[in-house]
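# Breakdown of the fold
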Amino acid sequence: MTQPPTVSIVVVNYRGADDTIECLSGIRSLDWPAECLDVVVVDNASGGSDVERIRAAAPGVQVVESARNLGFAGGCNLGVRHARGEFLAFVNNDARPEAGFLTAAVDAFADPAVGAVAAKVVDWAGERIDYVGGALSWYGQGFKIEVGAVDDGRFDEVRDVLFGTGSALLVRRSAFEELGGFDERYFMFFEDVDLGWRLWLAGHRVRYVPAALVRHRHHASMSKLGAWREQFLLERNALYTIYKNYDDENLARFLGPALALAVRRGVVLGGDDSTALDLERTPPSPDEDAYATVSKTTLASAYAVDAFVRELGSLHRSRIEIQKGRRRGDTELLRLFGMPMIPNIPAPDFVRDFDTVSEAFAVDVPFSRRQRVLVLTPDTLASRLAGPAIRALHIAQALAAEHEVVLATTAGGDLTRPDFQVRTVSTAPAMAELERWADVIVFQGDLMQKYPVLRTTAKPVVVDMYDPFHLEQLEQAKDLGESRRRDVVQTATAVLNEQLVRGDFFLCASVKQRDFWLGQMAALGRLNPAVYDRDETLGSLIAVVPFGVEEEPPVATRRAVKGVLPGIGEDDKVILWGGGIYNWFDPITLIRAMAVVRERVPEARLLFMGVKHPNPAVPEMRMAVEAQRLAEELGLLGETVIFNHDWVPYEDRQNFLLESDIGVSTHLDHIETAFSFRTRILDYIWASLPVVCTQGDSLAVVVEQHELGQTVPPGDVERLADVLVTLLTDDRLAAGYRANLARIVPEYQWSRVLEPLLTYCRAPQRAADSADAGRASVAGVQVVPPPWEGVRGDLDLLRGYLREGGARLLLQKLGSRAGRLARGQLRSRR
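Source: prediction; values computed, not measured.

On to the overall build of the chain. A tally of helices and strands in the chain yields 33 helices and 27 strands. In the chain, which comprises 830 residues, the share counted as buried stands at 55%. Here the analysis covers contacts within the chain between residues at least 6 apart in sequence; of these, 76% occur between residues at least 24 apart. If you average the places of the 92 positive and of the 113 negative side-chain charges in the chain, the two averages end up 4 Å apart.

For the rest of this paragraph, the subject is the sheet that holds strand β18 (residues 505-508). Strand order in the open sheet formed by seven strands is β15-β14-β13-β16-β17-β18-β19, with parallel pairing between adjacent strands. With one partner strand each, in any of the chains shown, β15 (421-424) and β19 (542-544) form the two edges of the open sheet. Neighbour to neighbour, the strand axes of the sheet diverge by 20 degrees on average, direction disregarded. Helix-sheet contacts for helix α21 (residues 511-523) involve β18 and β19, and the interaxial angle to β19 is about 165 degrees.

With that settled, consider the packing of aromatic side chains. Counting across every chain of the model gives 29 aromatic pairs. Between Phe608 and Phe643 the ring centres are 4.7 Å apart and the planes differ by 5 degrees, which places this aromatic pair in the stacked class. Within this pair, whereas Phe608 is found in strand β21 (residues 604-608), its partner Phe643 is found in strand β22 (residues 641-643), the two being separated by 35 residues in sequence. As far as burial versus exposure is concerned, Phe608 and Phe643 are alike and both buried. Three or more aromatic residues joined by ring pairs make a cluster, and in this case those are Trp138, Tyr139, Trp197, Tyr246, Phe254, Phe337, Phe350, Phe354 and Phe367. Across the ring face of Tyr243, the terminal group of Arg319 is positioned such that the distance to the ring centre comes to 5.8 Å. The cationic tip of Lys512 hangs over the ring face of Phe675; the distance from NZ or CZ to the ring centre is 5.7 Å.

Attention now moves to the sheet that holds strand β24 (residues 691-694). Hydrogen bonding along the main chain pairs the strands of a sheet, whether they run parallel or antiparallel. Read across the sheet, six strands follow the order β22-β21-β20-β23-β24-β25 without closing on themselves; strand pairing throughout is parallel. Of all strands in the sheet, those with a lone pairing partner are β22 and β25 (709-712), marking the two edges. Geometrically, the sheet is characterised by an average inter-axis angle of 20 degrees between neighbouring strands, direction not taken into account. Judged from the four bridges that link them, β24 and β25 form a sheet pairing that is parallel. Of the residues in β25, the one forming a bridge with Thr694 is Val712.

Further remarks concern the pattern of salt bridges. For the structure shown, the criterion picks out 52 salt bridges. Linking Asp504 and Arg766 is a salt bridge whose minimum nitrogen-to-oxygen distance equals 2.9 Å. One end of the pair, Asp504, is in the loop between α20 (482-502) and β18; the other, Arg766, is in the loop between α32 (755-762) and β26 (777-778), with 262 residues separating them in the sequence. Here the two residues Asp504 and Arg766 agree in accessibility, since each one is buried. A single network of salt bridges, built from pairs that share partners, joins Asp183, Arg185, Asp194, Arg198 and Lys244.

Here the focus is the nonpolar core. Counting residues in each nonpolar core, the largest one holds 109 residues, and the members touching the most others are Phe101 and Leu102. Ranked by the residues each element gives to this core, the list is headed by strand β6 (residues 114-123), at seven residues.

With that settled, consider α32. Of all the positions in α32, only Leu757, Leu758, Tyr760 and Cys761 are classed as buried. Projection of α32 onto a plane perpendicular to its axis shows the buried side chains occupying an angular sector of 160 degrees, all on one side. Check the buried side of α32 and you find it contacts α15 (387-400), β16 (440-444), β17 (461-464), β18 and α31 (750-753).

Residue-level pLDDT values for the chain average 90, and 92% of them are 70 or greater. Counted against residues more than four places away or in other chains, residues 772-793, with its pLDDT under 50, gives 33 contacts. Scored below 50 in pLDDT, residues 817-830 makes two contacts in the model with residues more than four places away or belonging to other chains.

On to the side chain of Asn13, then. Tracing the sequence through the fold places Asn13 in strand β1 (residues 7-13). Overall, the relative accessible area of 0% leaves Asn13 in the buried class. One polar contact links the side chain of Asn13 to the main-chain amide nitrogen of Ala17, over a distance of 3.5 Å. A polar side-chain atom of Asn13 sits 3.1 Å from a polar atom in the side chain of Asp50. Contacts of Asn13, omitting those with residues within four sequence positions, involve Thr20, Val41, Val42, Asp43, Asn44, Ser46, Asp50, Ile54 and Asn93.

Attention now goes to the pairing of β1. For β1, the buried fraction is high: seven of the seven residues fall into the buried class. Judged by which residues are buried, β1 turns out to be covered on both faces: Val7, Ile9, Val11 and Asn13 on one side and Ser8, Val10 and Val12 on the other are all buried. In this sheet, strand β4 (residues 87-91) lies alongside β1 in parallel orientation, the contact comprising four bridges. Across the sheet, the residue bridging to Val7 is Phe87, located in β4. Where β1 lies against strand β2 (residues 37-43), seven bridges are found, and the strand directions are parallel. By the bridge assignment for β2, Ser8 is matched with Asp38. A crossover connection joins β1 to the parallel β2 through helix α1 (residues 17-28); in handedness this β-α-β unit is right-handed.

Interaxial distance between α20 and α21 falls to 10 Å at its minimum, and their mutual angle equals 80 degrees. By the angle class used here, α20 and α21 are roughly perpendicular. Contact residues: α20 offers Thr493, Leu496, Asn497 and Leu500, while α21 offers Trp517, Gln520 and Met521.

Right, let's talk about the pairing of β21 for a bit. Burial within β21 is extensive, with five of its five residues counted as buried. Residue alternation in β21 divides its side chains into two sets, Ala604, Leu606 and Phe608 and Arg605 and Leu607, and both sets are buried. Examined bridge by bridge, strand β20 (residues 573-577) and β21 share five bridges and lie parallel to one another. Within the sheet, the bridge partner assigned to Val574 lies in β21 and is Arg605. Each parallel crossover has a hand, and for β20 linked through helix α23 (residues 587-600) to β21 it is right-handed. Two strands pair when backbone bridges link them, and β21 and β22 are joined in this way by three bridges, in the parallel orientation. Residue pairing across strands places Leu607 opposite Ile642, the latter belonging to β22. Once the chain exits β21 it traverses helix α24 (residues 622-633) before rejoining the sheet at β22, and the crossover so formed is right-handed.

Calculation criteria
- In every chain, residue numbers begin from 1 and rise along the written sequence.
- Reporting of local features is limited, given that this is a predicted model, to residues whose pLDDT is at least 70; pairs of side-chain atoms are given and counted only at 80 or more, and all residues count toward the totals for whole chains, interfaces and linings.
- Just so you know, side-chain values use all the structure's heavy atoms and leave hydrogens and water out.
- We count a stretch as a helix when DSSP gives it H or I for four or more residues in a row; a strand needs E for two or more, and each element gets its number in order from the N terminus.
- Burial classification: accessible surface area is computed with a 1.4 Å probe over protein chains only, and a residue below 20% of its type maximum counts as buried, one above 50% as exposed, and the rest as partly exposed.
- Any two residues whose heavy atoms approach within 4.5 Å are treated as being in contact.
- Residues counted as positive are Lys and Arg, residues counted as negative are Asp and Glu, and His and the chain ends are not counted.
- Where a charge sits is defined by one atom per residue type, namely NZ (Lys), CZ (Arg), CG (Asp) or CD (Glu).
- For two strands to be treated as a pair, DSSP must find at least two bridges joining them.
- Simply put, an axis is a line fit to the C-alpha atoms, just over the touching stretch for a helix, and the angle between two N-to-C directions goes from 0 to 180 degrees.
- Two aromatic rings, drawn from Phe, Tyr or Trp (for Trp, its six-membered ring), form a pair once their centres lie within 6.5 Å of each other, and the interplanar angle then sorts them: stacked below 30 degrees, edge-to-face above 60, tilted otherwise.
- Each ring is checked for a lysine NZ or an arginine CZ that lies within 6 Å of its centre and within 35 degrees of its normal; such an atom marks a charge sitting over the ring.
- Criterion for a salt bridge: a side-chain nitrogen of Lys or Arg within 4 Å of a carboxyl oxygen of Asp or Glu.
- As used here, the term nonpolar core means buried Ala, Val, Leu, Ile, Met, Phe, Trp, Tyr and Cys residues forming a set that is joined through side-chain atoms within 4.5 Å.
- Note that the arc is computed from the directions linking the helix axis to the C-beta atoms.
- Per-residue confidence from the prediction method is given by pLDDT, with values spanning 0 to 100.
- Pairs of N or O atoms are called polar contacts if they sit within 3.5 Å, as long as, within protein, a hydrogen donor faces a hydrogen acceptor (for residues adjacent in sequence, only side-chain-to-side-chain pairs).
- Viewed with both strands pointing away, a crossover whose connecting path from the first strand over the helix to the second turns clockwise is right-handed.
- With respect to orientation, any angle under 35 degrees is reported as roughly parallel, any angle over 145 as roughly antiparallel, any angle of 65 to 115 as roughly perpendicular, and every other angle as oblique.

Below is the structure:
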């Protein structure tokens, strides 16, 4: 039997020996092996006989004496420094854990994403709720929900929470130390809220586990010291918390009104007249005293704001580190706040002013907005779409059901959509604007190299790598000469390496592709302990998301092929090549086979559905030219072999598919084939069009396994001709393939294949090994831009500013740049 991990329980004592001794008695009753339990009591300079009494009552417990009162936060941190456990349990000295407390909590850590476990806490009698979850206001004050409710089983569902209560909290030691533990500046109050928030930001989860049960006896210790002291700590620590943890946009929105309401809350609670210095309402008298009698409660809030300002330097340094390590966006975390708009005191005057401030600063807006997802493609978005644009379109469409989406292209187009925005972006400033808007970025192609903001962004970046284009370039660049070809392939590889180093989540089209990309990632150092420990399957790093098909079956809207296109009669048999002709395909073998097929099935016609790519940046392919030349040489052009020199509109393609008899895809026998994913075959599946394809790629395996058609060896003219003739003449065989195709369609519908991406975007986070948003260095591989990138980037910015705002905007931006440079020089001289 495997021995359980060692757990350290840290208990902080301050003049509460009776409670602490009773707490330790409960700890001794835990159903956890004694040799795996490490108990540390920190005495916070209690004085008197507390230490001696605790040692006498619990001789096996390590008691650490602090020379001064460090507060709850500092006391816990001191205890951790003397602890040896893999997991840390913080238990209040006036609490008593139930026997199964540790067993239930540690079981939850089997999920590597869990960084902390929030226990269920009930009153001393075990009847009423003390903690079953927390809520957070937008101004940073935390609340326990359902306090005093009867514990009748309603609160026994495991779920994620923003924070646990410090009275009964377990934390994975590695996560606790990663974050530097509790923030000792808090002394007490909200240090547990802050820790929970920071755990989420760092990529961990906090999970409420009701089976981890603790009883808690409350003492009114603060009332003896004055409620104003508690007020001071609550106000100050709430400001600390929001300043450190909100992102830039939300901090700018919330900090001002939070400061204002902190002061207003103190005045209302203190019952003071804030108009006492208003000349209009209170005229001065000649003998007016320079001092006034003011409630300490009023002063507590004012002093809290002052303390925040005095501590701002160190808080700012903490904020920089926290934000640099951010793995999650605020949009996801704001959903965990629970009661963000609660005014924490019920006084009518305060509630009125709270509502006024909230409305004036629109503080409710971030809590109601959806996640913003930017989907980027380098392909044209118009009525005529190629594979990358089709994939980006369906990604955007699926995400738009849950999120606010912008689909942007760098190649132009006139596509419009009712469910999300479609934009063209062609300048660095425009791309930077979209990056600022987005919470999550999904892109494909070489856009990261062209727009460095996609590399330097702190936002989660999803890289769609369904197309291993560096393998395509091995074939496509053959015409460029040896030196240029080598440069093109090296550049393509470097572009992909840069993406593999920076990306947070990756999409690929097949299991075989996934293995390929994992190999390339391993060479770049991305398969490291941090990534592995988060998810040993690496499913949170890279997921298989193949090309998909639409939810609705295709419906004919017009006659498009038979009796319509020149060379194709109404009774002809159509073999459809459903896409472009690229250099890594093999139309040559197919055309030679058609010369054989024509002799046996004279009415057979081969239709190449598109020759001219809709993206003007894609050059005419050598293979397309050779295919047309061969068809002419064999006397097939325009009669047996027909080329559609345009590109079929996306919304019209079903008419071509439904009038065809066979869908065909033939390719060369080389490395690109092994890792490709022939997206045109998905259209054949969608239309239940029997498939004939070359063996060797992922979809050929699907065709074979599910009997969707037939596969042939690469370059085998005779075998290809025989298969085509058989399918054109054996109606029963073709009908069987069509039935099999119809059964497999649901497996490839976009809503199903995109589920890994949809799941990620519901809770996006940076990769476990993402150190910062800048240029990454992994395992000695430095991704360095070419030396001209900086100059080119500046020129792109300048052109963009001129285009968007003319000379006035350009001069304004140049002035700002000069100011930043000057400030940087001044800083360097200091």
